[in-house]
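Chain and residue survey
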Amino acid sequence: LSLSLSLSCHRLFFPQGRAHGSSFAHRGELRRAKRIVVKLGSAVVTRGDECGLALGRLASIVEQVAMLQNQGREMMIVTSGAVAFGKQRLRHEILLSQSVRQALHSGHNQLKDMSMPVLEARACAAAGQSGLMALYEAMFTQYSTCTAQVLVTNLDFHDDQKRQNLNSTLQELLRMNIVPIINTNDAVVPPPEPNSDLLGVNVISIKDNDSLAARLAVEMKADLLIALSDVEGLYNSPPGTDDAKLIDIFYPGDQQSITYGTKSRVGIGGMEAKVKAALWALQGGTSVVIANGTHPKVTGHVITDIVEGKKVGTFFSEIKPAGPTVEHQTEMARNSGRTLASLHPDQRSEIICHLAELLTERKEEILAANKMDIDLAVNAGHLPPAMLKRLSLSPAKLNNLAIGLRQIAVAAQDSVGRVLRRTRVAHNLELEQIAVPIGVLLVIFEARPDCLPQVSALAIASGNALLLKGGKEAANTNRVLHQLTQEALSMHGVREAVQLVSTREEVEDLCRLDKMIDLIIPRGSSQLVRNIQRAAKGIPVLGHSEGICHVYVDAEASVDKVIKIVRDSKCDYPAACNAMETLLIHRDILRTPLFDQIIDMLRAERVKIHAGPQFASFLTFSPSAVKSMRTEYGDLECCIEVVDSMQEAVDHIHKYGSSHTDVIITENENTAEQFLQQLDSACVFWNASSRFADGYRFGLGAEVGISTARIHARGPVGLEGLLTTKWVLRGAGHTAADFSEQGTMKYLHENLPVEQPLAVQRDS
């Protein structure tokens, strides 16, 4: 009874699978896989010394398989490892036997000369099979999962009766929620073909399990075959070579473009055998993924990641998508982006001005697409009002966008190639530091289509290639805006510099393209930004995870300014990252008409008030106590807290703020200047609304986001924040040896005015 209850508690999710006969077309569909075969290659199961099992890797694999089994899936494992396990046992026995004999006959001084005989693989398999199975059983028992051992040979598939018996046995085991663990019966199989193993001392000869796994998957009508080996997947050329690239999706027609390398350190399969087996399984209706299972700390939960549809390894598919892969899009963007960066500034400005014109000339087309998105969102009913407001475009919004783009076009005249510093290092040796594009930008934004032309214009002005990943809520609007952007880019032959990534692409997968993307800029909720910061391995992320903005009302504040600024900071656009979340009030203002006016205004605006600890202590009947002083409400809510001084306000902001935007309201200039100097937030204002923290309002034309980082760019990030620098040195045959003690030249290190023409004047 307890077992059945345990199973029923775990099996809450029931994948629907699919009608067998056709494989899944896209990775995202792998979530529907119900019957899954996991093939563990020799290099995955064995240790680096090829003697014994990699217990840490096996434990991770068992945990993932058990978790998927408990979700209601039917899991099967095809495993290697019996030879390695047996080899370890037999080595131990032989060493023990030799040491005893030599100790009796030759003395201890001869132990170091003992040699290890070559062990026959079938004997190792016979000795290791029971231990391997006992290990699996012990590990799966920790997850209340039952296992069963099945040993097979090729003959079991050639004989119809044996094949039917095998099928019946496996079906019954799966029906009883048991994980079958299948292996070739290496104790009786024929020896491997000559020269089929890698050369080396005591190399393990393990029968190829790739074809076994493929045949088993097709025979059992499995939805998915996961083949784990010691490489990340299938490459277009041998891994480790200069031009080798991991293939995300492999199609049967692509076989001619692949060059195979050597096999793994153990086993006799090799990548060519894996591909042949995968294509055979694919033809039989089973989807296949080949991935790396040897580095759990690096690859994470590779099996569950594959089943969740994440971009892990190489996915075999019979259906090519209509458009290019995101990897191909990135390459096109980078190549076109380099051409964009080499254009004359006037040409980049012309592209941006043309895009601004298209926003107004084609506004009916844009607004029609936007209406489709809004109607779909309203009918779905899952978007809150604040998100719907962001999603909505209007003629006025498009006009404002066009104005902002024209500002960027002007700024583009003096951006890429601008000389920042010029130094005469020595006679006829001059150094320049110049502004250059960062490279390829990935901007991820939620339901805010107005972000697309803004960010595109900034990327064009700064000469950067751009990948855009918009939320599916704005898919129709984004598609039209992107078409207009590429139309504008086409006027100077750089159409592909800005790419719109399919909504099918997972954000986490995009964050793994560390060799192709130079900077990620998230535009959206704090949760989105945090998720991207966690997922981005090796790619810098520019942005802020939270906008906990404070407004401090000093004892010497003007009543009129307080009411205007607090109302605007909180109520103008509560969902914005620069909206006020905490109102700090000087103690002397409590129980004054100003305090009453503040409370009355907030109530009239329907702002829900939460009381900080100090504020609550002054009140007999206080509003609801704040749960955390580090809360970004993003709505008509805010926290009120009381402080004793400006210095205490600064300390409070440093402790609970997010270094985004903070405001002081006071008529005392000295107090204001101390606040502005001491606070280290990205934006610090005196007698002005926090809502001014915006690229357009700063005169940047637009922004790609607001950064709270301590390096590169801070605050609203416009054109300047999308540039980096490079050093250009112009010499006349100079060498470092010329400046040694025996050399003839001396360093000058003279600062030169940057207004000088770019051409370096040389002495004749």
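Residues numbered from 1 in each chain as written. Predicted model: local features only at pLDDT ≥ 70, side-chain atom pairs only at ≥ 80, totals over all residues. Heavy atoms only, no water.

**A look at the environment of M176**
Looking at the secondary structure, you find M176 in the loop between α7 (160–175) and β4 (178–184). C-alpha separation for the pair M176 and E74, spaced 102 residues apart in sequence, amounts to 10.0 Å. (Helix = DSSP H or I, 4+ residues; strand = E, 2+ residues; numbered from the N terminus.)

**Thoughts on the packing of aromatic side chains**
All chains considered together, the criterion is met by five aromatic pairs. With a centroid separation of 5.2 Å and 65° between ring planes, the pair formed by F250 and F316 is classed as edge-to-face. Separated by 66 residues along the polypeptide, F250 in strand β6 (residues 249–250) and F316 in strand β8 (residues 314–316) bring together distant segments of the chain. For F250, a relative accessible area of 0% translates into the label buried. Ring geometry for F685 versus F698: centroids 6.4 Å apart, planes at 65°, classification edge-to-face. Within this pair, whereas F685 is found in strand β21 (residues 683–686), its partner F698 is found in the loop between β21 and β22 (705–707), the two being separated by 13 residues in sequence. Given a relative accessible area of 11%, F685 falls into the buried group. Just above the ring of Y573 sits the side chain of K389; from NZ or CZ to the centre is 5.0 Å. (Phe/Tyr/Trp six-rings, centres within 6.5 Å; stacked < 30°, edge-to-face > 60°. Buried < 20%, exposed > 50% of the residue type's maximum accessible area, 1.4 Å probe, protein only. Lys NZ or Arg CZ within 6 Å of the ring centre and 35° of its normal.)

**What to know about the nonpolar core**
Core analysis: the largest hydrophobic core is formed by 49 residues, its most contacted members being I351, I352, I366, L466 and L468. Per element, the largest residue contribution to this core is eight residues, and it comes from helix α17 (residues 451–462). Leave out the neighbours within four places in its chain, and I366 touches L358, L359, L393, L398, T477, V480, L481 and L484. (Core = buried A, V, L, I, M, F, W, Y, C linked by side-chain atoms within 4.5 Å. Contact = heavy atoms within 4.5 Å.)

**Examining unusual backbone geometry**
For N177, which is not a glycine, the phi torsion comes out positive at approximately 65°. Relative to the assigned elements, N177 resides in the loop between α7 and β4. The backbone of S659 sits at a positive phi, close to 60°, despite the residue not being glycine. For S659, the position within the fold is in the loop between α24 (646–656) and β20 (661–665).

**Structural notes on helix α21 (residues 559–571)**
Between its first and last C-alpha atoms α21 spans 18 Å; for 13 residues at 1.5 Å apiece the expected length is 18 Å, and the two agree. Of all the residues in α21, the buried ones are V562, I563, I565, V566, S569, K570 and C571. The secondary structure elements touched by the buried residues of α21 are β15 (549–553), β16 (580–586), α22 (593–604), β19 (637–643) and β20. (Expected span 1.5 Å × (residues − 1).)

**Concerning the sheet that holds strand β14 (residues 519–523)**
If you trace the four strands from one edge of the open sheet to the other, you get β13-β12-β11-β14, paired in parallel fashion. The sheet is open, and its two edges are formed by β13 (498–500) and β14, each paired on a single side. Pairs of neighbouring strands in the sheet enclose a mean axial angle of 20°, with direction left out of account. Bridging between strand β11 (residues 440–445) and β14 involves five bridges; their strand directions are parallel. Within β14, the position partnered with V443 by the bridge is I521. In this fold helix α20 (residues 526–535) packs onto β11 and β14, with an angle of close to 160° to the strand it touches most, β14. (Pairing = 2+ DSSP bridges. Axes fitted to C-alpha atoms, helices over the stretch in contact; angles between N-to-C directions.)

**Thoughts on the confidence of the model for the chain**
Residues with a pLDDT of 70 or more make up 87% of the chain, whose mean pLDDT is 85. Of the regions scoring below 50 in pLDDT, residues 756–764 engages in 15 contacts with residues more than four places distant in sequence or in other chains. (pLDDT = per-residue confidence, 0-100.)

**A look at the state of the cysteines**
Note: disulfide means a covalent bond formed between the sulfur atoms of two cysteine side chains. Under the criterion given, the structure shown has zero disulfides. Between C638, a free cysteine, and C639, which holds the nearest cysteine sulfur, the sulfur-to-sulfur gap is 7.3 Å. (Disulfide = S-S within 2.5 Å.)

**Digging into the pattern of salt bridges**
Applying the stated criterion across every chain yields a total of 29 salt bridges. Note that R163 is salt-bridged to E219, the shortest N-O span being 3.5 Å. You can see R163 sitting in helix α7 and its partner E219 sitting in helix α8 (residues 210–219), a full 56 residues away along the chain. R163 gets classed as partly exposed once you look at its relative accessible area, which sits at 23%. One salt bridge connects E750 with R424, and the closest N-O pair in it is separated by 3.0 Å. Of this pair, E750 sits in strand β25 (residues 750–752) while R424 sits in strand β9 (residues 419–426), placing them 326 residues apart in sequence. Three or more residues joined by partner-sharing salt bridges are found here, namely R27, D248, K311 and E327. (Salt bridge = Lys/Arg side-chain N within 4 Å of Asp/Glu carboxyl O.)

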